[in-house]
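Chain by chain, the residues:
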Amino acid sequence: MQRRSRGINTGLILLLSQIFNVGINNIPPVTLATLALNIWFFLNPQKPLYSSCLSVEKCCQQKDWQRLLLSPLHHANDWHLYFNMASMLWKGIHLERRLGSRWFAFVITTFSILTGVVYLLLQFAVAEFMDEPDFKRSCAVGFSGVLFALKVLNNHYCPGGFVNILGFPVPNRFACWVELVAIHLFSPGTSFAGHLAGILVGLMYTQGPLKKMMEACAGGFSSNVGYPGQQYYFNSSGSSGYQDYYPHGRPGHYEEAPRNYDTYTAGLSEEEQLERALRASLWDRGNTRNSPPPYGFRLSPEEEMRRQRLHRFDNQ
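It should be emphasised that the depicted structure is a prediction, and the values quoted were computed from it without experimental measurement. (Residues numbered from 1 in each chain as written. Predicted model: local features only at pLDDT ≥ 70, side-chain atom pairs only at ≥ 80, totals over all residues. Heavy atoms only, no water.)

Following the criterion strictly, the structure yields six aromatic pairs and no others. Between tryptophan 79 and phenylalanine 83 the ring centres are 6.0 Å apart and the planes differ by 35 degrees, which places this aromatic pair in the tilted class. Placement of both tryptophan 79 and phenylalanine 83 in helix 6 (residues 78–99) is noted, with a separation of four residues, approximately one turn of the helix. Centroid distance tyrosine 82 to phenylalanine 83: 5.1 Å. Interplanar angle 65 degrees. Geometry classified as edge-to-face. Put simply, the rings of Trp79, Tyr82 and Phe83 touch in pairs and so form one group of aromatic residues. (Phe/Tyr/Trp six-rings, centres within 6.5 Å; stacked < 30°, edge-to-face > 60°. Helix = DSSP H or I, 4+ residues; strand = E, 2+ residues; numbered from the N terminus.)

Right, here's the structure in full:
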């Protein structure tokens, strides 16, 4: 195991600030454990990136299958970690609340391995079809493939509505595909096959046989099992806490979690929550009316009016 060289990791600092702004007790346990595990591997990588990244040559030809486990947990730099884990934070809050901690942990584990397998198949198929062996040597690392699979699930459970991508409203059902193209237009160094593998795994779960296969393998537990004794609550100020909640007046009786998440998201989309959390993390709440949004966020006039209304609401 190697310790990462010391230095100012701005992305890591911003991620920790955002986590504490949401509140440790407001983050479901598997989501929190996933964040902690990725941060730990970033600070204490088990192997150098070149020895943990995923490629056809290393896995299939050299039989280094441990890369299927290592590659999702390693990140190239602090900003790679930040953007992946900030996305994981919001997706995990939505999905773990809905699916339950045990099933969500099973989903994360299955998706992490299966996304790597599908990535290898895609790279091998392209290399053979184009007769280009370099695709077999292309190496990928990071959690973003799993995140694309989780986004497919999130859009499946919350259909309808729109998300803002590069200033354009996009229906939820097309958001993954538009983001896939947009990311690779503006960030050419990212792994197109890795992200596509995540989308395909998500579709295998929502539209294919993967969910039934997982339920058959799980045996003792299945999806749609929520928190029996705790209901997490969320607020815009980021203070943490939870309250005991028994819908029928006694522990051990489960009622499906409500499907309206506006009580703790203020009606904002994931992208709008992320933008707002960035402002709060930078201590910019209350002083942003005349200043440009940080980190390249561009708000339309309608979004700016909405942000100002939310700001006035927070100050009441």
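Our focus in this paragraph is the packing of helix 2 (residues 29–43) against helix 7 (residues 101–130). Packing of helix 2 against helix 7 brings their axes to within 8 Å, and their N-to-C directions diverge by 35 degrees. Every residue of helix 7 that contacts helix 2 at Pro29, Val30, Thr31 and Thr34 is listed here: Ser101, Phe104, Ala105 and Ile108. Partitioning the contact of helix 2 with helix 7 into residue classes produces five nonpolar, three polar and no charged. (Axes fitted to C-alpha atoms, helices over the stretch in contact; angles between N-to-C directions. Contact = heavy atoms within 4.5 Å. Nonpolar A, V, L, I, M, F, W, Y, C, P; charged D, E, K, R; others polar.)

Taken as a whole and assessed by the stated rule, the structure comprises four salt bridges. For glutamate 179, the salt bridge is made with lysine 151, and the minimal N-O distance between the two is 3.5 Å. Note that glutamate 179 is positioned in helix 10 (residues 172–186) and lysine 151 in helix 9 (residues 144–157), a separation of 28 residues in sequence. Note on accessibility: glutamate 179 and lysine 151 belong to one class, buried. (Salt bridge = Lys/Arg side-chain N within 4 Å of Asp/Glu carboxyl O. Buried < 20%, exposed > 50% of the residue type's maximum accessible area, 1.4 Å probe, protein only.)

Attention now goes to the state of the cysteines. For the structure shown, the criterion picks out one disulfide. Note on cysteine connectivity: cysteine 53 is disulfide-linked to cysteine 139, with sulfurs 1.9 Å apart. Classification of the bridge connecting cysteine 53 and cysteine 139 rests on its S-S torsion, roughly 90 degrees, and on that basis the disulfide is right-handed. Taken together, the residues cysteine 53 in the loop between helix 3 (49–52) and helix 4 (56–61) and cysteine 139 in the loop between helix 8 (134–137) and helix 9 connect sequence positions 86 residues apart. We classify cysteine 53 as buried; its relative accessible area is 6%. Judged by its relative accessible area of 33%, cysteine 139 falls in the partly exposed class. In this structure cysteine 60 is a free cysteine whose sulfur lies 6.2 Å from that of cysteine 59, the closest cysteine sulfur available. For cysteine 60, a relative accessible area of 32% corresponds to the partly exposed category. (Disulfide = S-S within 2.5 Å.)

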